[in-house]
Amino acid sequence: MELCLDLTKIAEKMGEVPIAAIIVIDDKIKGIGLNAPICLHDATAHAEVMAIRDAGQRVGNYRLPDSTMYITLEPCPMCSGAILHARCKRVVFGATDLKTGTVGGRFNLFKDYPMNHQPKITSGVRAVKVQEELSGYFQRKRILQKEQKRLLRAATLMLEEQTVPITKTKAQANKNKAQDKNKSLKVEAKVETNINLANNNSQLQNSSKLAANSELVMSDHVVNTNNEVKAQILAHETQEQNNNALVSNESSLSSSTTALNTVDIATTGLASEALPATNTQPKTTPVTKDLSAKLGMKKSTAQTRAQKFQLPRQKRIVEQPTLNHHDTDE
Ligand SMILES: [Zn+2]
């Protein structure tokens, strides 16, 4: 029974109700069974059934007539039926199970069930120890279940607390993403407008430069035209001055010729008394004509030059009558 108590600890560690069974045949352990319905997903995997299977495999017989089964807890109806079918000779158990016990705890199957085989029953072996271990196990199990429920409740609360901020943060993140997208779009639009403005400014600068160049060209053209006009005006003024000078020369020449004519008239008047009328004509005109023809000059210039050249001749002409006059007088 002490070995069964040690085996119950292994069953508890497996997460099962700590129940163990041993089958001893000829003072030798032929079968060991642990309660493992949860682990094996088998409702029939009670410690008694597991020990009968193990012993049957070890002995090589489904009948165990000379065997003694040690169990920590009073067997259930299923296990009592298996013990009857295995023909176990003796059954020793520790604690009584008032709920499902079939060896006097709830009812006595071995006495009431009409079978030829009746095993020997020994109960209450280390019953207090088994009961303490079982009660301790169920207390720990209840505590563990409460702790599991509390942890599950805390976990659900934590998940609820986390899910709300997560959803809020997701919504905020989506909002921030939308805002960032709008900001990026606005920045792109600003950049495009700045680029367009820069292009417009450059175009305006180019147009202003072109306008300045055109103004410079126009100013140069105006300067050139002004210079040309000024040159033309100066040429015209010089021409007018020359013409005026020529006119003045002509007038001076005409005045001088008139003066000379008056002198000639005076002299001819004096000479007409001694000389014939044919000699009274001055010889200036043919000379001037010849000079103008030869030099190809204008009439005024030719006349002025001829007057210059003719003045001594006229003087000579004027003097001749005087000489003639003196000659005539002599
Ligand atoms: Zn059972």
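Per an unreviewed UniProt entry, the protein chain is named tRNA-specific adenosine deaminase, and its organism is Psittacicella hinzii. Regarding the protein chain, the UniProt comment filed under Subunit (unreviewed entry) reads as follows: "Homodimer."

A. Structural view of the pairing of strand β3 (residues 67-73). Judged by how many residues are buried, β3 sits mostly within the fold: six of seven residues are covered. One ladder, built from five bridges, connects strand β1 (residues 20-25) with β3; its direction is antiparallel. Within β3, the residue paired with Ala21 across the bridge is Ile71. Note: β3 against strand β4 (residues 90-95), five bridges, orientation parallel. Within β4, the position partnered with Leu73 by the bridge is Ala95.

B. Here's a closer look at the UniProt feature "binding site: Zn(2+)" (unreviewed entry) in the protein chain. With numbering aligned to this structure, UniProt lists the feature "binding site: Zn(2+)" (unreviewed entry) at His46, Cys76 and Cys79. In sequence the annotated residues extend across 34 residues, while in space they remain close, none of their C-alpha pairs exceeding 9.2 Å. If you trace the backbone, His46 turns up in the loop between α2 (37-40) and α3 (47-59). Judged by C-beta crowding, with 26 C-beta atoms within 10 Å, His46 ranks as buried. In contact with His46, other than residues within four places in its own chain, are Asn35, Pro37, Cys76, Met78 and Cys79.

C. Expanded view of the packing of α3 against helix α4 (residues 77-86). Viewed as axis vectors pointing N to C, α3 and α4 meet at an angle of 25 degrees, and their least axial separation amounts to 9 Å. Considered as vectors, α3 and α4 are oriented roughly parallel to each other. Read as a crossing pair, α3 and α4 show a hand that is left-handed. Residue-level contacts link Glu48, Val49 and Ile52 of α3 to Cys79, Ala82, Ile83 and Ala86 of α4.

D. Structural view of the pairing of strand β2 (residues 28-34). Pairing between β1 and β2: six bridges, direction antiparallel. Residue pairing across strands places Ile23 opposite Gly31, the latter belonging to β2. In textbook terms, the turn of a hairpin is the stretch between consecutive antiparallel strands, and for β1 and β2 this stretch comprises two residues, one of which, Asp26, has a positive phi near 60 degrees.

E. The arrangement of α4 in detail. Taken residue by residue, α4 has Cys79, Ser80, Ala82, Ile83 and Ala86 as its buried positions. Take α4 and look down its axis: the buried residues cluster within an arc of 160 degrees, on one side only. Structurally, α4 contributes buried residues whose contacts are with α3, β3, β4 and α5 (109-112). At the C-terminal side of α4, Arg87 shows a positive phi close to 65 degrees.

F. Region of interest: helix α1 (residues 2-13). Taking 1.5 Å per residue, twelve residues should reach 16 Å; α1 reaches 18 Å between its end C-alpha atoms and fits that length. Within two residues after α1, Gly15 carries a phi angle of roughly 85 degrees, on the positive side.

G. Summary view of the sheet that holds β2. The sheet built from five strands is open, its strands ordered β2-β1-β3-β4-β5 with mixed pairing. Of all strands in the sheet, those with a lone pairing partner are β2 and β5 (120-122), marking the two edges. The mean angle between the axes of side-by-side strands here comes to 15 degrees, regardless of whether they run parallel or antiparallel. Relative to β5, β4 runs parallel, the two being bridged by three bridges. Across the sheet, the residue bridging to Val91 is Ile121, located in β5.

The rules we used
- Residues numbered from 1 in each chain as written.
- Predicted model: local features only at pLDDT ≥ 70, side-chain atom pairs only at ≥ 80, totals over all residues.
- UniProt positions renumbered as here; feature names shortened; annotations may be inferred.
- Buried ≥ 20, exposed ≤ 12 C-beta atoms within 10 Å, placed from the backbone.
- Helix = DSSP H or I, 4+ residues; strand = E, 2+ residues; numbered from the N terminus.
- Pairing = 2+ DSSP bridges.
- Contact = placed C-beta atoms within 7 Å.
- Axes fitted to C-alpha atoms, helices over the stretch in contact; angles between N-to-C directions.
- Parallel < 35°, antiparallel > 145°, perpendicular 65-115°, else oblique.
- Left-handed = near helix turned anticlockwise from the far one by under 90°.
- Arc of directions from axis to C-beta.
- Expected span 1.5 Å × (residues − 1).

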